[in-house]
Amino acid sequence: GFLIKCIWFTTCIEDNILLIMCVCLQEARCGYAIILMALYWCTECMPLAVTALLPVVLFPMMGIMKASVVSVEYLKDSNMLFIGGLLVAIAVEQWKLHKRIALRVLLLVGVRPSLLMMGFMIVSSLLSMWISNTATTAMMLPISHAVLQQLKATEARADAREFQSAAQDNHAFEVEPTQTKQEVTEKKPEVKVEQEDKVEHDHEWALESLEESKRKAIEEKYDLLNKGMSLSVCYAASIGGTATLTGTTPNLILKGQIDKLFPKNGDVINFASWFGFAFPNICLDLSIKLEHVWLHFSLKKTFGCGGKNDRDREAFAVMKEEYRKLGSMTFAEVAVLIIFSLLVVLWFTREPGFIDGWATVLVDDYLNVALSVCLTGKIVKSPPTLLNWQVVHERMPWNIILLLGGGFALAAGSEVSGLSTWLGESLAPLEKIPPFAISMLLSLLVATFTECSSNTATTTLFLPILASMATAIKIHPLYVMLPCTIAASLAFMLPVATPPNAIAFSFGNLRVLDMVKAGFMLNIIGILSINLGINTWGFAMFNMGTFPDWANVTHVDP
């Protein structure tokens, strides 16, 4: 049955292509290919990577581009940057260096509930700048769960001790020795004995009720903290990924699209410029989101900011024990840390903008990959390799590389076919709307769209259109492309929106309504934060007040 459906579906597509080629202009043919891919990406009726390969088939069939030209788009500089960053991230995960860093930072921050959530958010965001958001969430949530369980058990034991102490101090709950009781019974009327037994029974029942209510209160309190912690970790991982150029795929898609659509941009988006804009934004965003989650789950009422107690000390001991189990740093961890640090320094100093970087005198297109390949090198009589091909093959998301290439192919097809020019002319009336309103509305649109679709597919579809619109209405392309790229990572409302959301949903005993209520406000806060950044420090960094000469491009020949 599935084969018959595929044959029928393919036949329909072929018929549509033949009809379009006969009666439509080249712009319409390209538009049909984009709409078809958008439909496939949104419904995920086919794997995203397979859909990304459609331009290799459709563009030559429609006479838009030759297959040899389309294929080149699938291995651009941005893809190599992505591969190099992932190789180092895989090595960090392979040797559990990220867990050592996480536990060390948490030990420095402390385990008081007032600081615990902040500590987990800081660690999650810092790690997700360099390794995948999914890996960060999957590692941090079990640690947070173990710490909370220890806090809960410690508080339960403390309450039990207080309860026993109060019972012993209260003479009404004391049980007299059997002999004394019998002696007293012989001297007392039978009615009075029954009354005393009833009073004693009532006291015991009241004692049990009090103990049960306290137990339920502790359960509810830590259930709230567990929900808040789970959401904080997954949200912080998603936000932290926006801070670096290699932190999440949409960032690299923006760089690739800018370099493809505006080849004379002078490397306006590089590692240093991106970090300079995005890092202050995530600091502002995380601060507001921490306060929102803390208040949303009413945690401030139950977890104050008091001093350390036995509960905190025992939870601290748990994390210290986890850190001790890692042992001392191995050669592999030290080597990976050195290579990782060197790669980050080279990324920042390549072309920082305010001074000449090393890229002005060296050829660097594949330096990051070459440095990452050092991870797989092996010398005679040396320790085991830091990475082997089997590990890379299993953990490298090759589908994302194809997805990046599919986006670049779509952008190239739009230019060659003239679709970009047509879109720009059609969107020219938007020039009458204030630019800040355009940026705000488009960010909201993208943030809504990405809740139901992959953030990679969302940016791939929207960025070429936004570039055409910016060129048509003569505003800086980054003024709309940059906030929309970051907005594509603001998928906080649904468990299916991102893998970190799904992991937190299963770990934190969350309901969909919990995520929707917390995530809706976080989406709004994120959009406002991004647009604040683009209209303040981002405005000055990228000179947003003028339409750059490099953005004044026309039709590109195939």
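Residues numbered from 1 in each chain as written. Predicted model: local features only at pLDDT ≥ 70, side-chain atom pairs only at ≥ 80, totals over all residues. Heavy atoms only, no water.

**Quick look at the overall build of the chain**
Then, in step 1: Scanning the chain from terminus to terminus reveals 26 helices and 0 strands.
Then, in step 2: Across the 558 residues in the chain, those meeting the buried criterion constitute 49%.
Then, in step 3: Here the analysis covers contacts within the chain between residues at least 6 apart in sequence; of these, 81% occur between residues at least 24 apart.
Then, in step 4: Entry remark: accessible area of the chain is about 26900 Å², with carbon and sulfur atoms responsible for 65%. (Helix = DSSP H or I, 4+ residues; strand = E, 2+ residues; numbered from the N terminus. Buried < 20%, exposed > 50% of the residue type's maximum accessible area, 1.4 Å probe, protein only. Contact = heavy atoms within 4.5 Å. Areas by Shrake-Rupley, 256 points an atom, 1.4 Å probe, with all protein chains shown as cover.)

**Observations regarding the side chain of Ser 529**
Then, in step 1: Its place among the elements puts Ser 529 in helix 25 (residues 512-534).
Then, in step 2: Given a relative accessible area of 4%, Ser 529 falls into the buried group.
Then, in step 3: Apart from the residues lying within four places of it in its own chain, the contact partners of Ser 529 are Asn 281, Leu 284 and Asp 285.

**Examining the environment of Ile 269**
Then, in step 1: Counting through the fold element by element, Ile 269 comes out in the loop between helix 12 (249-261) and helix 13 (271-296).
Then, in step 2: Note on Ile 269: relative accessible area 1%, which makes it buried.
Then, in step 3: Taking the C-alpha atoms as reference points, Ile 269 and Asp 259, separated by 10 residues in sequence, lie 8.6 Å from one another.
Then, in step 4: Apart from the residues within four sequence positions on either side, Ile 269 is in contact with Leu 245, Lys 255, Trp 274, Leu 478 and Phe 542.

**A word on the pattern of salt bridges**
Then, in step 1: For the structure shown, the criterion picks out 8 salt bridges.
Then, in step 2: Where Glu 73 meets Lys 260, a salt bridge forms, and the shortest distance between an N and an O atom there is 3.0 Å. Here Glu 73, found in the loop between helix 5 (67-72) and helix 6 (77-94), pairs with Lys 260, found in helix 12; they are 187 residues apart in sequence, far enough to count as distant.
Then, in step 3: Here Asp 514 ties to Arg 511 by a salt bridge, and the two come within 3.2 Å at their closest N and O atoms. (Salt bridge = Lys/Arg side-chain N within 4 Å of Asp/Glu carboxyl O.)

**Here we look at the packing of helix 12 against helix 22 (residues 455-473)**
Then, in step 1: The N-to-C vectors of helix 12 and helix 22 enclose an angle of 30 degrees; their axes lie 9 Å apart at closest approach. Regarding the angle of helix 12 to helix 22, the classification is roughly parallel. Every pair of crossing elements has a handedness; the one defined by helix 12 and helix 22 is right-handed. Two secondary-structure elements touch here, helix 12 through Thr 249, Pro 250, Ile 253, Leu 254, Gln 257 and Leu 261 and helix 22 through Asn 455, Thr 456, Thr 459, Thr 460, Leu 463, Pro 464 and Ala 467. (Axes fitted to C-alpha atoms, helices over the stretch in contact; angles between N-to-C directions. Parallel < 35°, antiparallel > 145°, perpendicular 65-115°, else oblique. Left-handed = near helix turned anticlockwise from the far one by under 90°.)

**With respect to a nonpolar patch on the surface**
Then, in step 1: Taken together, the side chains of Met 329, Val 334, Leu 337 and Ile 338 make up a nonpolar region of the molecular surface, amounting to roughly 310 Å² of accessible area.
Then, in step 2: When you line up the elements, Leu 337 lands in helix 16 (residues 331-349). (Patch = residues over 30% accessible without salt bridge, like charges linked within 9 Å, V, L, I, M, F, W, Y side chains within 5 Å.)

**Focus: the nonpolar core**
Then, in step 1: Trp 41, Met 140 and Val 480 are the most contacted members of the largest nonpolar core, which totals 144 residues.
Then, in step 2: Examining the composition of this core, we find that 11 residues originate from one element, helix 6, more than from any other.
Then, in step 3: Look past the residues within four positions of Trp 41 in its chain and what remains in contact with it is Leu 48, Thr 51, Ala 52, Leu 403, Leu 410, Ser 453, Ala 457, Thr 460 and Leu 461. (Core = buried A, V, L, I, M, F, W, Y, C linked by side-chain atoms within 4.5 Å.)

**Focus: the confidence of the model for the chain**
Then, in step 1: Within the chain, residue pLDDT values average 77, and 74% of them lie at 70 or more.
Then, in step 2: Within the chain, the lowest mean pLDDT, 48, falls on helix 10 (residues 178-187), and the highest, 93, falls on helix 23 (residues 477-487).
Then, in step 3: Residue range residues 171-181 is modelled with pLDDT below 50. Its contacts to residues more than four positions away, or to other chains, number 10 contacts.
Then, in step 4: Within the model, pLDDT remains below 50 along residues 301-306, and this stretch shows 10 contacts once partners closer than five positions in the same chain are excluded. (pLDDT = per-residue confidence, 0-100.)

**With respect to the packing of helix 2 (residues 26-43) against helix 22**
Then, in step 1: Orientation of helix 2 relative to helix 22, taken along the N-to-C sense of each, is 160 degrees, at an axis distance of 10 Å. Classified by the angle between their axes, helix 2 and helix 22 sit roughly antiparallel to one another. Between helix 2 and helix 22 the crossing geometry is left-handed. In contact with Ile 34, Ala 38 and Trp 41 of helix 2, helix 22 contributes Ala 457, Thr 460 and Leu 461.

**Examining the environment of Ala 89**
Then, in step 1: As for its placement among the helices and strands, Ala 89 is situated in helix 6.
Then, in step 2: Distance from Ala 89 to Ala 135, taken between C-alpha atoms, is 9.8 Å for residues 46 residues apart in sequence.

**Side note on helix 6**
Then, in step 1: The first and last C-alpha atoms of helix 6 sit 26 Å apart over 18 residues, in line with the 26 Å expected at 1.5 Å per residue.
Then, in step 2: Within helix 6, 15 of the 18 residues are buried, which leaves it mostly tucked inside the rest of the structure.
Then, in step 3: Positive backbone phi, at 55 degrees, marks Lys 96, one or two positions downstream of helix 6. (Expected span 1.5 Å × (residues − 1).)

**A word on the side chain of Asp 285**
Then, in step 1: Position of Asp 285 relative to the elements: it lies in helix 13.
Then, in step 2: Here Asp 285 falls in the buried class, since its relative accessible area comes to 2%.
Then, in step 3: When near neighbours in sequence (up to four residues on either side) are disregarded, Asp 285 contacts Ile 239, Ile 525, Gly 526 and Ser 529.

**Here we look at the packing of aromatic side chains**
Then, in step 1: Within this structure, the stated rule accounts for 9 aromatic pairs.
Then, in step 2: Judged by centre distance (6.1 Å) and plane angle (15 degrees), the rings of Trp 130 and Phe 271 are stacked. Of this pair, Trp 130 sits in the loop between helix 8 (113-128) and helix 9 (133-169) while Phe 271 sits in helix 13, and the two are 141 residues apart along the sequence.
Then, in step 3: Looking at Phe 271, the relative accessible area reads 4%, which means it is buried. (Phe/Tyr/Trp six-rings, centres within 6.5 Å; stacked < 30°, edge-to-face > 60°.)

**Overview of unusual backbone geometry**
Then, in step 1: For Asp 267, which is not glycine, the phi torsion reads 55 degrees and is therefore positive.
Then, in step 2: Inspection of the secondary structure puts Asp 267 in the loop between helix 12 and helix 13.
Then, in step 3: The buried category is assigned to Asp 267, whose relative accessible area is 15%.
Then, in step 4: For Asn 543, which is not glycine, the phi dihedral falls at a positive 55 degrees.
Then, in step 5: Among the structural elements, Asn 543 can be located in the segment after helix 26 (537-541).
Then, in step 6: Note on Asn 543: relative accessible area 46%, which makes it partly exposed.

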